[in-house]
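Observations on chain architecture
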Amino acid sequence: SYGEGSWRAWSSSEVVGGSPGRPGGFRVDPLGSVTINEWRTHSPLGEADFVELFNCGPGSVDLSGAGLTDVVGDNGFRFPPGTVLPPGGFHVVYEEQLGFTLRSSGEHLVLFNPSRSRVIDSVKYGPQGLGISSGRFPDGQPEIQHLTHATPGSQNSPPTPAPVIINELMFHPLSGDDNEEYIELFNPGAHAVDLSGWKLTKGITFTFPLGTTLAPGGYVVVAKDRTRLQAKYPHLNSTTLLGDYGGVLGDDGDRIALVRPVAIVVEVGGISMNQLADAVVEEFEYQTGGAWGTWADRGGSSLERVDVRADARRPSSWADSDESEKAPWTLVEFTGVLDHAARSSDPADALDLVLLGEGECLVDDVEARVGAGANLVRNPDFATSFAFWSPQGNHVRSARSTDPTDPGSTVLHLRASSQGDTGANRIRSNLGSVINKGDTATLRARVRWLKGWPEVVLRLRGNGLEAYGRLHVSSQPGSPGLRNSRAVLNAGPSLDQLSHWPVLPRADEPIQVSVRVGDPDGIDAVGLRYRVDPSQVLLEVPLRDDGQGPDRFAGDGRFSGQIPGQARNAMVAFWIEATDAAASPGVSLCT
């Protein structure tokens with residue numbers, strides 16, 4: 001379902017060498033629950049480099065004969081007979097035991113099964129600064145992060161907060177012009193950060209010049225075309241605006257990393273030498289649609305960080321910038337002769353409003369007149385009701401609303417989930433009388449763009465006359481160099497990787513529900529509410545991460561619970577809510 005172009009659609013083969021010419025198959029390995037959980041390769045004087053393994057499964061695992069190496073094909077380290085890892089247990093191997101050097105410049109660690117026929121786990125890591133350990137948090141989770149401090153043989157510490165974060169992206173401007181792209185960085189700390197020699201890599205390339213300093217609470221914007229962005233956003237200056245970066249940000253998603261130079265030790269001809277290498281400060285892959293939002297993908301918005309403390313890899317940490325009050329009203333009108341209708345049998349007795357793409361706009365003061373005659377549109381200003389207007393098809397979510405820039409004014413809020421057409425995807429209003437073929441008529445309305453596609457059409461039934469308008473849009477989309485429009489002090493927990501099993505339960509079979517929950521403040525509570533259709537009564541189930549009941553393992557960040565079995569042909573709807581230790585609610589997940 002991801003498509004072959006996505007890395008998520010691929011996985012390593014079950015066995016070494018793959019399965020060319022035959023099905024790959026699936027084999028359960030008794031070591032499958034063991035992960036390379038933490039490692040340090042650039043230790044302070046008096047401390048040792050190490051690799052830590054963790055068993056995230058519910059049963060003990062015998063590691064006897066399994067291998068750990070940094071080069072595929074080398075024997076490396078073999079676990080001695082009797083090495084057993086209990087559930088939730090840790091095992092540490094220090095460098096003096098490994099038989100190979102853990103390189104602080106980065107390398108590839110591989111954990112083999114005893115027969116060396118299968119890779120149990122592997123990690124590729126980059127350069128590490130002095131005393132920095134890398135690993136998984138919570139223990140056993142997929143993502144690799146720099147940890148606050150090393151904890152060999154015990155539960156991993158939380159990730160180290162990034163001193164500078166990627167705070168905003170303009171990756172697919174509404175204009176379609178890549179030269180309007182930008183990336184914004186923010187310093188959330190209490191001290192200035194010297195960015196000299198730091199880089200933006202992966203999707204684009206840029207090196208920060210010497211002397212670049214980011215003040216506490218300060219912003220710096222890196223532009224694809226610095227001159228273009230300076231003209232578009234006059235509040236940016238030589239201190240807050242840099243560029244030009246190389247490459248372009250992917251319109252359908254991309255990977256981006258902020259790296260900094262760190263001193264590492266390398267061996268050259270048996271001699272230890274100091275060298276600079278690029279260590280990751282923050283790295284993530286943004287996407288389009290779904291939980292990542294809609295309007296940053298050529299819908300007129302930038303992609304903004306909601307909470308500067310939130311994990312950049314979670315879609316709930318990002319939101320489309322709010323552009324709803326930036327665009328002026330556009331007068332859409334046309335006067336012409338009613339002719340060349342699609343079918344002469346269709347009387348021009350109705351007016352259709354159509355947005356020519358996914359988007360939203362406000363509409364007011366709608367007119368359809370013959371010559372200097374009266375307005376044939378009934379309820380043209382939506383002052384007291386939504387009478388005489390009928391949203392249809394992909395325009396069905398349209399409704400009467402209040403103008404956010406003028407609370408005393410009521411308008412039509414037109415919402416289109418995709419392009420309107422000459423069929424049923426429109427908003428239709430029957431006119432007070434028919435406009436006859438050969439009449440000279442005027443169609444007119446005031447329209448204000450909010451988000452998405454900026455083209456609208458007013459069309460008479462039968463298509464004999466229409467008024468087309470390209471709407472004025474926000475001239476300064478996003479918030480480069482300023483506080484994000486969607487910023488909050490505490491975004492609450494992130495929820496992802498929701499699953500329930502079985503997917504289609506039998507009668508009276510309970511359903512196991514699991515979700516990953518994370519928050520920098522820690523988690524206070526996670527709950528599930530469900531109802532059995534058609535009942536409106538809500539029932540509650542606590543979700544727990546304590547290794548009890550349906551929860552597989554305590555402290556792994558996955559919260560689990562059980563919905564009781566239901567009668568045959570019952571339909572159960574549920575959603576999940578979480579609260580962090582600061583009592584901020586998380587995003588609900590529904591299914």
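Note that this is a predicted model, so its numbers are computed, not measured. (Residues numbered from 1 in each chain as written. Predicted model: local features only at pLDDT ≥ 70, side-chain atom pairs only at ≥ 80, totals over all residues. Heavy atoms only, no water.)

Another point: the overall build of the protein chain. Helix and strand counts for the protein chain come out as 2 helices and 40 strands. Overall size of the protein chain, expressed as C-alpha extent along the three principal axes, is 95 × 70 × 55 Å. Residues classed as buried in the protein chain amount to 46% of the 591 residues present. Across the protein chain, every contact between residues at least 6 apart in sequence was considered, and the portion connecting residues at least 24 apart equals 63%. In the structure as shown, the protein chain presents an accessible area of about 27500 Å², 52% of it carried by carbon and sulfur atoms. In the protein chain, the 50 positive side-chain charges and the 72 negative ones have mean positions that sit 5 Å from each other. (Helix = DSSP H or I, 4+ residues; strand = E, 2+ residues; numbered from the N terminus. Buried < 20%, exposed > 50% of the residue type's maximum accessible area, 1.4 Å probe, protein only. Contact = heavy atoms within 4.5 Å. Areas by Shrake-Rupley, 256 points an atom, 1.4 Å probe, with all protein chains shown as cover. Lys, Arg positive; Asp, Glu negative; His and termini not counted. Charge placed at Lys NZ, Arg CZ, Asp CG, Glu CD.)

With respect to the element layout, asparagine 484 can be found in the loop between strand 33 (466–470) and strand 34 (494–501). A distance of 3.2 Å separates polar atoms of two side chains, one belonging to asparagine 484 and the other to serine 479. Those residues in contact with asparagine 484 that sit more than four places away from it in its chain are Asn167, Glu168, Glu184, Glu304, Arg305 and Ser479. (Polar contact = N/O pair within 3.5 Å; in protein donor to acceptor, adjacent residues only side chain to side chain.)

Take the pattern of salt bridges next. Following the criterion strictly, the structure yields 37 salt bridges and no others. Measuring nitrogen to oxygen at the nearest pair gives 3.0 Å for the salt bridge that ties aspartate 365 to arginine 446. One end of the pair, aspartate 365, is in strand 26 (residues 359–370); the other, arginine 446, is in strand 31 (residues 440–452), with 81 residues separating them in the sequence. Take aspartate 365: its relative accessible area is 31%, and that puts it in the partly exposed class. (Salt bridge = Lys/Arg side-chain N within 4 Å of Asp/Glu carboxyl O.)

All right, on to the sheet that holds strand 34 then. What the 3 strands build is an open sheet, ordered 34-35-38; its pairing is antiparallel. Single-partner strands in this sheet number two, and they are strand 34 and strand 38 (558–563). Along the sheet, successive strands turn relative to each other by an average axial angle of 20°, direction set aside. Two elements, strand 35 (residues 511–518) and strand 38, share 6 bridges in a ladder whose sense is antiparallel. Bridge pairing links serine 514 to serine 560 in strand 38. (Pairing = 2+ DSSP bridges. Axes fitted to C-alpha atoms, helices over the stretch in contact; angles between N-to-C directions.)

Here is the key point about a regular strand: its side chains alternate between the two faces of the sheet. As paired elements, strand 15 (residues 199–202) and strand 16 (residues 206–207) share 2 bridges and run antiparallel to each other. Residue pairing in the sheet places leucine 200 in a bridge with phenylalanine 206 of strand 16. A loop of 3 residues connects strand 15 with strand 16, the two strands running antiparallel in sequence.

Pairing between the strands of a sheet is mediated by backbone hydrogen bonds and can be parallel or antiparallel. Strand order across the open sheet formed by 5 strands is 7-2-1-10-11, with antiparallel pairing between neighbours. Either end of the sheet is taken by a strand with one partner, and the two such strands are strand 7 (90–94) and strand 11 (144–146). Adjacent strand axes in the sheet meet at a mean angle of 25°, parallel and antiparallel pairs treated alike. Pairing between strand 1 (residues 34–40) and strand 2 (residues 50–55): 6 bridges, direction antiparallel. Residue pairing for strand 2: tryptophan 39 is matched across the bridge by valine 51.

Within a pair of aromatic rings, the relevant descriptors are the distance that separates the centres and the angle that separates the planes. A full pass over the atoms with the stated rule returns 11 aromatic pairs. Within the aromatic cluster, the residues linked to one another by ring pairs are Phe382, Phe386 and Trp389. Lying across the ring of tryptophan 329, arginine 446 places its NZ or CZ 4.3 Å from the centre. (Phe/Tyr/Trp six-rings, centres within 6.5 Å; stacked < 30°, edge-to-face > 60°. Lys NZ or Arg CZ within 6 Å of the ring centre and 35° of its normal.)

Turning our attention to the environment of cysteine 56. In this fold, cysteine 56 is placed in the loop between strand 2 and strand 3 (61–62). Residues cysteine 56 and tryptophan 39, spaced 17 residues apart in sequence, show a C-alpha to C-alpha distance of 17 Å. Apart from the residues lying within four places of it in its own chain, the contact partners of cysteine 56 are Ser33, Thr35, Arg552 and Phe553.

A cis geometry characterises the amide bond from phenylalanine 137 onward to proline 138, with omega recorded as -10°. Within the secondary structure layout, proline 138 lies in the loop between strand 10 (133–136) and strand 11. The peptide bond linking tryptophan 501 to proline 502 adopts the cis configuration, its omega dihedral lying at 0°. By secondary structure assignment, the location of proline 502 is in the loop between strand 34 and strand 35. Here arginine 298, not a glycine, exhibits a phi torsion of approximately 55°, which is positive. With respect to the element layout, arginine 298 can be found in the loop between strand 21 (271–286) and strand 22 (303–305). Even without glycine at this site, asparagine 379 takes up a positive phi of about 60°. Relative to the elements of secondary structure, asparagine 379 occurs in the loop between strand 26 and strand 27 (390–392). Residue asparagine 379 is classed as buried on the basis of its relative accessible area, which comes to 14%.

For aspartate 49, the position within the fold is in the loop between strand 1 and strand 2. Here aspartate 49 is buried and forms no salt bridge, its nearest opposite-charge partner arginine 40 lying at an N-O distance of 4.9 Å. Of note is the side chain of aspartate 49, whose polar atom sits 2.5 Å from the side chain of serine 43. When sequence neighbours within four positions are dropped, the list of residues in contact with aspartate 49 reads Arg40, Thr41, His42, Ser43, Tyr94, Glu95 and Leu102.

What follows concerns the environment of glycine 246. Structurally, the position occupied by glycine 246 is in the loop between strand 19 (241–243) and strand 20 (254–268). Taking C-alpha positions, glycine 246 is 9.1 Å from glycine 203, a pair spaced 43 residues apart along the chain.

A separate point is the environment of aspartate 364. Looking at the element boundaries, aspartate 364 is found in strand 26. Looking at aspartate 364, the relative accessible area reads 5%, which means it is buried. For the pair aspartate 364 and serine 409, spaced 45 residues apart in the sequence, the C-alpha separation amounts to 9.4 Å. Apart from residues lying up to four places away in sequence, aspartate 364 is in contact with Trp329, Pro380, Asp381, Phe382, Ser409, Thr410, Val411, Ala445 and Arg446.

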